[in-house]
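# Report on the structure
Listed here are the chains, written in short residue letters.
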Amino acid sequence: TIGAYSSVNNIDTKARDLRIFSTADTVGITYKQDTGNVSIGTTTPLARLDVRALSTASVASVSGATSNAALAVDNNGVGDLFVASKSGDTKFVIKNSGNIGIGTSLPASLMHLGNGSITNQLITFQTNNSGESGLTYLLQDGTTTRGFVKWDTNEDLQIKGDEIFFSSQSSTDA
């Protein structure tokens, strides 16, 4: 019954909002009529869909057996495509431009790794001890190797390229 309470399931239409919850859970599903926002786990949704949980379980799960993407993100606006953060501190972002930032919310290139410190390593390469690890630079065709930096199974550093330059700058040269 809309606008009435029962002992098992409650539906509340106060202020023209729709709230569905059980007697044990006062923050089930909420639809805010004035904004069109929907929430699960809160009565005050902050976005078109706002899902919250305060437990050890995942907040959301996407699973499928499909020939298409399990989750598609399409933003025709100017905002970011995806942001992962902890307490508002951005850890991972995919910008609308396609740039990816790890440890930075403002990636300046296609892949930008940053941690705000020059004393910590930014990338760790780990293998299963049966092969080599490193970076390979390919031509635009995606198959022709232009050069590489890698560590082989003997823990030797190998650098290969058409032209290799090493330089250093002191703080007064910058």
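If you're wondering where the values come from, they're calculated on a predicted model, not measured in any experiment.

## Here we look at the pairing of strand 11 (residues 145-151)
- The sheet contact formed by strand 10 (residues 133-138) and strand 11 spans 6 bridges and is antiparallel. Bridge pairing in strand 11 places S133 opposite W151.
- Counted along the chain from strand 10 to the antiparallel partner strand 11, the turn is 6 residues long, and its residue G142 has a positive phi close to 80°.
- Taken together, the 5 bridges between strand 11 and strand 12 (residues 157-161) define a ladder with antiparallel strand orientation. Along strand 12, the bridge assignment pairs V149 with I159.

## Section: the confidence of the model for the protein
- Per-residue confidence for the protein gives a mean pLDDT of 77; residues scoring 70 or more make up 73%.
- Overall, residues 1-8 carries pLDDT values under 50, and its contacts beyond four positions in sequence, including any with other chains, amount to 14 contacts.

## What to know about the sheet that holds strand 7 (residues 89-94)
- The mixed open sheet is built from 4 strands, whose spatial order is 6-7-8-9. If you trace the sheet from one side to the other, it starts and ends with strand 6 (82-86) and strand 9 (111-113), each paired once. Going from strand to strand, the sheet's axes swing by 20° on average, the running direction of each strand aside.
- The sheet contact formed by strand 8 (residues 100-102) and strand 9 spans 3 bridges and is parallel. Each bridged residue has a counterpart across the sheet, and for I102 the counterpart in strand 9 is L113.

## Observations concerning the environment of R19
- Considering the arrangement of structural elements, one finds R19 in strand 2 (residues 18-22).
- Put simply, R19 and V38 are 19 residues apart on the chain and 9.6 Å apart in space, counted from C-alpha to C-alpha.

## Regarding unusual backbone geometry
- You will see that S87, though not glycine, has its phi angle at about 55°, which is positive.
- Within the secondary structure, S87 is located in the loop between strand 6 and strand 7.
- Its relative accessible area of 77% is what places S87 among the exposed residues.

The rules behind these values
Residues numbered from 1 in each chain as written. Predicted model: local features only at pLDDT ≥ 70, side-chain atom pairs only at ≥ 80, totals over all residues. Heavy atoms only, no water. Pairing = 2+ DSSP bridges. Helix = DSSP H or I, 4+ residues; strand = E, 2+ residues; numbered from the N terminus. pLDDT = per-residue confidence, 0-100. Contact = heavy atoms within 4.5 Å. Axes fitted to C-alpha atoms, helices over the stretch in contact; angles between N-to-C directions. Buried < 20%, exposed > 50% of the residue type's maximum accessible area, 1.4 Å probe, protein only.

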